[in-house]
Amino acid sequence: MIDLDAFSPTQIPMEATPRINSELRSQYCGQIVRIVSKVIRIDGKIATIEAPDSTQVQVTMADDSQWGTLYVELIARVESNLSLTELASTDFGDSFGKYGSRVNTAMLFDVLKLNYPTCPSSDMELANKVVLACQQYRDIF
């Protein structure tokens, strides 16, 4: 487990952030994780996001947070109530979840051992499949 007090948000060790979806939060209480999300609403410093598995999650945003797009990837701590506390974020743009990126899709499907006809209909669905693959093959990812 990472000692959160030892790092500022700009020093968070990126290799130690497992990718999760909403369903996996309970396995990572108190730990730092990475989650791709769609911003549903922001009320002050409390945001509601949609996780890659289509479940809404509450996030306490960092004081200096400035989400500028509809889709963001968060590095966050999972709290005991399964909400998230943002430590860092990366804007993913406004069209990430709408069109289903096709860049390097064939290669990704080979890695995930998926049949191309089962191609996800959105980037969020693909992001969820990446989360599941990362969980299944932890020694690789």
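Residues numbered from 1 in each chain as written. Predicted model: local features only at pLDDT ≥ 70, side-chain atom pairs only at ≥ 80, totals over all residues. Heavy atoms only, no water.

Novice: Go over the overall build of the protein with me, naming the residues and quoting the values.
Specialist: From N to C terminus, the protein includes 2 helices and 5 strands. Counted from the first residue to the last, the protein has its helices and strands arranged as β-β-β-β-β-α-α. Expressed as a percentage of its 141 residues, the buried residues of the protein come to 41%. Pairs at least 24 residues apart make up 49% of the contacts formed inside the protein by residues separated by at least 6 positions. (Helix = DSSP H or I, 4+ residues; strand = E, 2+ residues; numbered from the N terminus. Buried < 20%, exposed > 50% of the residue type's maximum accessible area, 1.4 Å probe, protein only. Contact = heavy atoms within 4.5 Å.)

Novice: Please set out the nonpolar core residue by residue, giving values where relevant.
Specialist: Across soluble globular proteins, you tend to see nonpolar side chains buried next to one another. Formed by 19 residues in total, the largest nonpolar core has its most connected members in Ile20, Ile49, Val59, Trp67, Leu74 and Leu84. For this core, the secondary-structure elements that each account for two or more residues are strand 1 (32–43), strand 2 (46–50), strand 3 (56–60) and strand 4 (71–78). Beyond its immediate chain neighbours, meaning those up to four positions away, isoleucine 49 contacts Ser37, Lys38, Ile40, Thr55, Gln56, Val57, Val59, Trp67, Leu74 and Leu84. Listed in part, the 5 residues of the second largest apolar core include Val36, Phe96, Met124 and Ala127. (Core = buried A, V, L, I, M, F, W, Y, C linked by side-chain atoms within 4.5 Å.)

Novice: I'd like to hear about the pattern of salt bridges, residue by residue, with values.
Specialist: Tallying each qualifying case throughout the model produces 3 salt bridges. The partner of glutamate 73 in a salt bridge is arginine 19, and the shortest N-O contact between them spans 2.6 Å. With glutamate 73 in strand 4 and arginine 19 in the segment before strand 1, this pair connects stretches of sequence that are 54 residues apart. Residue arginine 19 is classed as partly exposed on the basis of its relative accessible area of 27%. Here glutamate 79 and arginine 77 are joined by a salt bridge, their closest N and O atoms 2.9 Å apart. One network of salt bridges, in which partners are shared, links Arg19, Arg34 and Glu73. (Salt bridge = Lys/Arg side-chain N within 4 Å of Asp/Glu carboxyl O.)

Novice: How would you summarise the sheet that holds strand 5 (residues 84–93) if you had to cite specific residues and measurements?
Specialist: The pairing of strands in a sheet happens through backbone hydrogen bonds and is either parallel or antiparallel. Spatially, 5 strands are ordered 1-2-3-5-4 in a closed barrel, and the strand pairing comes out mixed. Neighbour-to-neighbour, the strand axes of the sheet open up by a mean angle of 50 degrees, direction not taken into account. As defined by bridge partners, strand 4 adjoins strand 5 across 8 bridges and the pair is classed as antiparallel. Counterpart to arginine 77 in the pairing with strand 5 is threonine 85. Across the face of the sheet, helix 2 (residues 123–136) comes into contact with strand 1, strand 2 and strand 4 while running at roughly 155 degrees to strand 1. (Pairing = 2+ DSSP bridges. Axes fitted to C-alpha atoms, helices over the stretch in contact; angles between N-to-C directions.)

Novice: How would you summarise the side chain of serine 37 if you had to cite specific residues and measurements?
Specialist: Structurally, serine 37 can be placed in strand 1. On the basis of relative accessible area, serine 37 is assigned to the buried category, the value being 0%. Setting aside chain neighbours within four positions, we find serine 37 in contact with Ile49, Glu50, Leu70, Tyr71, Val72, Leu74 and Met124.

Novice: So what's going on with the side chain of asparagine 21? Residues and values would help.
Specialist: Relative to the assigned elements, asparagine 21 resides in the segment before strand 1. Classification of asparagine 21 by relative accessible area gives buried; the value is 2%. Every residue in contact with asparagine 21, bar those within four places of it in the chain, is listed here: Ile35, Ala51, Pro52, Asp53, Asn128, Val131 and Leu132.

Novice: Quick one: what's the story with the environment of glutamate 73, residue by residue and with numbers?
Specialist: For glutamate 73, a relative accessible area of 8% translates into the label buried. Measuring from C-alpha to C-alpha, the distance between glutamate 73 and serine 89 comes to 5.5 Å, with 16 residues separating the pair along the chain. When near neighbours in sequence (up to four residues on either side) are disregarded, glutamate 73 contacts Arg19, Arg34, Ile35, Val36, Ala88, Ser89, Thr90 and Phe92.

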